[in-house]
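Each chain, written out:
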Amino acid sequence: MILSGCQPDPPDTHPPLDYSDYRSAALRHPKQPLVLLPHTLTEITGPVLGSDRVRPGDHDLTFGHRGEPLGQRIIVFGRLLDGTGRPIPDALIEIWQANAGGRYRHIGDRWLAPLDPNFDGGGRTITDNRGRYEFVTIKPGAYPWGNHHNAWRPAHIHFSVFGHAFAQRLVTQMYFPDDPLFGQDPIFNSVPEAARQRLVSRFSLERTRPNWALAFEFDIVVRGRNATPFEEPHDD
């Protein structure tokens, strides 16, 4: 995501490309120096990501099925900001997550938790003119994975933030406060300690709706000393 007038991120913000405790990083991280591909006329004039990409109800992951999904309904809200604290309007934000049992609706997920016929696990929305977004969803469950002995991933939601073109994309994860699995999760711990709490949402009693849903606030900062840690390097 390209932003003007922003200071570069401090070196203790983003996780390293190769983190030995996260075993599959050895297979995924680049072995050669990255090659800068400047934006050309194709990227500048290509299709843009606007409000027509989002349909009514896309922000509500509990909507559009025959019944209610299982689990604890939550509201996830926040702001998308640049490195100077200014809001970023009209940006596409997508999320995907496991269901309340910790299972993704994906052919590759073989975890024995049941699928929920009333929950697909994906949503999208556009930030408003003050950079605000909101999703209604279900709190995801933890799930086992094969990284190390008795390995479980903390409950989390994946976030994808787009600028006005497909090439302008950042990906991160949001966690929940006081998760007991933080200490043994190499993905969370690959983030420098000073920046980890920027990935943890804040419980909001003010935005919690009585008898309906708990609320969690998660601001995303794309640049500067308070930048949210992202999964890709971005040295544009």
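Residues numbered from 1 in each chain as written. Predicted model: local features only at pLDDT ≥ 70, side-chain atom pairs only at ≥ 80, totals over all residues. Heavy atoms only, no water.

**Regarding the UniProt feature "domain: Intradiol ring-cleavage dioxygenases" (unreviewed entry) in the protein**
Mapped onto the present numbering, the UniProt feature "domain: Intradiol ring-cleavage dioxygenases" (unreviewed entry) falls at residues 76-104. Along residues 76-104 one finds 0% helix and 38% strand; the C-alpha atoms at either end are 19 Å apart. (UniProt positions renumbered as here; feature names shortened; annotations may be inferred. Helix = DSSP H or I, 4+ residues; strand = E, 2+ residues; numbered from the N terminus.)

**Some words on unusual backbone geometry**
Its identity is not glycine, yet Asp178 carries a phi of approximately 60°, on the positive side. Along the chain, the position of Asp178 falls in the loop between strand E8 (169-175) and helix H3 (186-189). We note that Asn211 has phi near 60°; this positive angle belongs to a residue other than glycine. For Asn211, the location among the structural elements is in the loop between strand E9 (202-203) and strand E10 (214-217). Judged by its relative accessible area of 85%, Asn211 falls in the exposed class. (Buried < 20%, exposed > 50% of the residue type's maximum accessible area, 1.4 Å probe, protein only.)

**A look at the sheet that holds strand E2 (residues 92-96)**
Sheet strands pair via backbone hydrogen bonds, and the direction of the pair is either parallel or antiparallel. Pairing in this open sheet of four strands is antiparallel, and the strands run E3-E2-E7-E8 from one edge to the other. Looking at the sheet topology across the chains shown, the edges are occupied by strand E3 (122-126) and E8. Pairs of neighbouring strands in the sheet enclose a mean axial angle of 20°, with direction left out of account. Looking at chain direction, strand E7 (residues 156-162) and E8 are connected through seven bridges and run antiparallel. Each residue of the ladder has a partner; that of Phe159, found in E8, is Thr172. (Pairing = 2+ DSSP bridges. Axes fitted to C-alpha atoms, helices over the stretch in contact; angles between N-to-C directions.)

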